[in-house]
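# A structural walkthrough
Take a look at the letters that make up each chain.
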Amino acid sequence: MEVVDDPIRVQTLVGKEAVPPQYVQPLETRPQRIVGNGNDNDNDEPSPPVIDLSKGSSVREQLERACRDWGAFHVINHGVPVELLGEMRRLGRSFFEDCTMDQKLSYGCDPNSPASEGYGSRMLVASNDTVLDWRDYYDHHTLPLSRQNPSKWPHFSPNYRKVVADYSDQMNSLAEKLLCLISESLGLPSSCIRDAIGEFYQNITVSYYPPCPQPELTLGLQSHSDMGAITLLIQDDVGGLEVLKDGKWVLVNPLCDAIFVILADQTEMITNGQYKSAPHRAITNGKKARLSVATFHDPAKMKIISPAFEPPKYRPVRYGDYVSSWYTQGPEGKRNVDALLI
Ligand SMILES: O=C(O)CCC(=O)C(=O)O
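Residues numbered from 1 in each chain as written. Predicted model: local features only at pLDDT ≥ 70, side-chain atom pairs only at ≥ 80, totals over all residues.

## Considerations on the overall build of the protein chain
Heads up, the condition is: Each helix is a run of H or I in the DSSP string that is no shorter than four residues. Each strand is a run of E no shorter than two, and both are numbered from the N terminus. Based on C-alpha atoms, the radius of gyration is set beside the globule rule, defined as 2.2 Å times the residue count to the power 0.38. Partly exposed residues are those falling between the two cut-offs: more than 12 but fewer than 20 other C-beta atoms within 10 Å of their own, whereas 20 or more means buried and 12 or fewer means exposed, with C-beta atoms placed from the backbone. Each residue is represented by a C-beta atom placed from its backbone, and any two residues with such atoms within 7 Å are regarded as in contact.
Scanning the protein chain from N- to C-terminus turns up eight helices and 14 strands. Its C-alpha atoms give the protein chain a radius of gyration of 19 Å, within 12% of the compact-globule value 20 Å for 342 residues. A total of 342 residues make up the protein chain; the buried ones form 43% of that total. Long-range pairs, those at least 24 residues apart, make up 77% of the contacts in the protein chain between residues at least 6 apart in sequence.

## Points about the site of the ligand
Here is the rule: We count a residue as near a molecule or strand when its backbone-placed C-beta atom lies within 6 Å of that partner. Only Asp, Glu, Lys and Arg are considered charged in this grouping, and only Ala, Val, Leu, Ile, Met, Phe, Trp, Tyr, Cys and Pro are considered nonpolar; every other residue, Gly among them, is considered polar.
In the neighbourhood of the ligand, the contacting residues comprise T205, S207, L221, L233, Q235, L241, H280, A282, S292 and A294. Listed by contribution, the elements that provide at least two residues to the shell around the ligand are β5 (201-209), β7 (230-235), β11 (280-282) and β12 (290-298). For the shell around the ligand, the per-class residue count stands at five nonpolar, five polar and no charged.

## Brief notes about the pairing of strand β2 (residues 72-76)
The criterion, for reference: Any two strands with at least two DSSP bridges between them are considered paired. Handedness of a crossover is defined as follows: orient the strands so they point away from the viewer, and if the path from the first strand over the helix to the second runs clockwise, the crossover is right-handed.
Buried residues dominate β2, accounting for four of its five residues. As paired elements, strand β1 (residues 50-52) and β2 share three bridges and run parallel to each other. Looking at β2, one finds that I51 is bridged to V75. Since β1 and β2 lie parallel, the crossover through helix α1 (residues 58-69) that links them has a hand, and here it is right-handed. Note that β2 and strand β10 (residues 259-263) share four bridges and pair antiparallel. Looking at the pairing, H74 lines up with F260 of β10.

## Remarks on the sheet that holds strand β8 (residues 241-245)
Threshold: Only the stretch in contact is used when fitting a helix axis, every axis being a line fitted to C-alpha atoms; angles between N-to-C directions are given from 0 to 180 degrees.
Across the sheet, four strands lie side by side as β6-β11-β8-β9; this open sheet has antiparallel pairing. Looking at the sheet topology across the chains shown, the edges are occupied by β6 (221-224) and β9 (248-251). Put simply, the sheet's adjacent strands are angled 25° from each other on average, direction ignored.

## A short note on the UniProt feature "domain: Fe2OG dioxygenase" (unreviewed entry) in the protein chain
Quick note on the threshold: UniProt positions are given in the numbering used here, feature names are shortened, and annotations may be inferred rather than shown by experiment.
Sites flagged by UniProt as "domain: Fe2OG dioxygenase" (unreviewed entry) map to residues 199-299. Secondary structure content for residues 199-299 is 6% helix and 45% strand, and the end C-alpha separation is 6 Å.

## Examining the sheet that holds strand β3 (residues 118-120)
Reading across the sheet, the eight strands line up as β1-β2-β10-β7-β12-β5-β4-β3 and stay open at both edges, with mixed pairing between neighbours. Of all strands in the sheet, those with a lone pairing partner are β1 and β3, marking the two edges. Here the strands of the sheet are splayed against their neighbours by 25° on average, with no regard to which way each runs. Note that β3 and strand β4 (residues 136-143) share three bridges and pair antiparallel. Looking at the pairing, G120 lines up with Y137 of β4. On the sheet, helix α2 (residues 82-98) packs against β4, β5, β7 and β12 and is oriented at approximately 115° with respect to β12.

## Comments concerning the nonpolar core
Where we set the bar: Defined on buried residues, the nonpolar core groups Ala, Val, Leu, Ile, Met, Phe, Trp, Tyr and Cys residues joined through C-beta atoms within 7 Å.
Counting residues in each nonpolar core, the largest one holds 83 residues, and the members touching the most others are A72, I230, I259 and V261. Sort the elements by how many residues they give to this core and helix α4 (residues 160-185) lands first, with nine residues.

## What about the pairing of β12?
For β12, a buried count of nine out of nine residues is recorded, marking the element as mostly surrounded by other parts of the structure. Burial along β12 is two-sided: R290, S292, A294, F296 and D298 facing one way and L291, V293, T295 and H297 facing the other are all buried. Sheet analysis places β5 next to β12, joined by nine bridges and oriented antiparallel. Its bridge partner being in β12, Q202 is matched across the sheet by H297.

## Points about helix α7 (residues 319-329)
Along an α-helix, residues three or four apart share an orientation, since each turn contains 3.6 residues. We apply this condition: Regarding the arc, it is the one traced by the directions from the helix axis to the C-beta atoms.
If you check which residues of α7 are buried, you get Y319, Y322 and W326. For α7, the arc enclosing every buried residue in end-on projection is 55°, short of the 170-degree limit, so these residues lie on one face. The inward-facing, buried residues of α7 abut α6 (265-270), β13 (304-305), β14 (317-318) and α8 (335-338). A positive phi of about 85° marks G330, the residue just after α7.

## Regarding the environment of A278
Position of A278 relative to the elements: it lies in the loop between α6 and β11. Judged by the 25 C-beta atoms lying within 10 Å of it, A278 falls in the buried class. For the pair A278 and H224, spaced 54 residues apart in the sequence, the C-alpha separation amounts to 8.2 Å.

## Quick notes on unusual backbone geometry
Residue P144 follows L143 across a cis peptide bond; omega there is -5°. Of note, the amide linkage connecting E310 to P311 takes the cis form, showing an omega dihedral of -10°. Tracing the sequence through the fold places P311 in the loop between β13 and β14. At N77, a position not held by glycine, the phi torsion is positive, near 50°. In this structure N77 comes out as exposed when scored by C-beta crowding, with 12 C-beta atoms within 10 Å.

Now the structure itself:
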């Protein structure tokens, strides 16, 4: 990977009349909707399913349909205290809005080390020529515990580190539960996908999308599918997350107490493509800043991932090699997982 320049913090561009040229998307990837202009969600547009996890035996059937048709869905009655979701959103936003730029930069991540922990602005960018995302973020390395070092997390508020640690625990439990239910929904032993992934490597990324003067030209986050096993995402009420469904971008309506589940590439491979990882992206907003918190659950770099069904449709891959190629070439939708198809 080429050495990238020190990133511009997108927050420092707020107030400009036009976006700098490096943020202008080519015509074919520009958003089709402007959130907040009345065309947020066309009435005929399908919406990702909402699954009530307290509903006992019908949950597996609903999961099966959602995983086959969407690769993404909301869960409610998920067991995570909704106050914790609110606190995570509130403190995440406070880091970006209440800390000075010097305070934030004291946590700056290394722009030349993929997924390095800390405050950053260009995580998914392969080279200096790539169109930039209209996003700043804070990435926390939370699991396994041997990798967790809370002194690398902001401490502008006495609660921040505790909330991140509690949030990590809760997301870990929910991700385990969901992978078990997803295995069962395919007739596999409950622990099948969980065992194939092994110990979770968990990252929590708080993304902050400042108001953008030209939302019609930009993306907050380019189209990608997630690399690992399963992502659990919460957002605020602004809206801007889209998932690709049957070739069309569909807006994911913010549901305050729900958690949005996104299947990632290793789950697609383990299920031999029966369940697909969901391409998604974030669009920007002309007036309001938007916040999301995505919690990624990935295998260890040494883990070899292969399909749990015969005949396999994907070549086995060492997860570390998968990550390297993802960061070297850039995500571009699902090109990395598609490259492993036999
Ligand atoms: O902001 C969002 O809703 C999307 C975040 C996301 O896809 C990511 O962090 O990988």
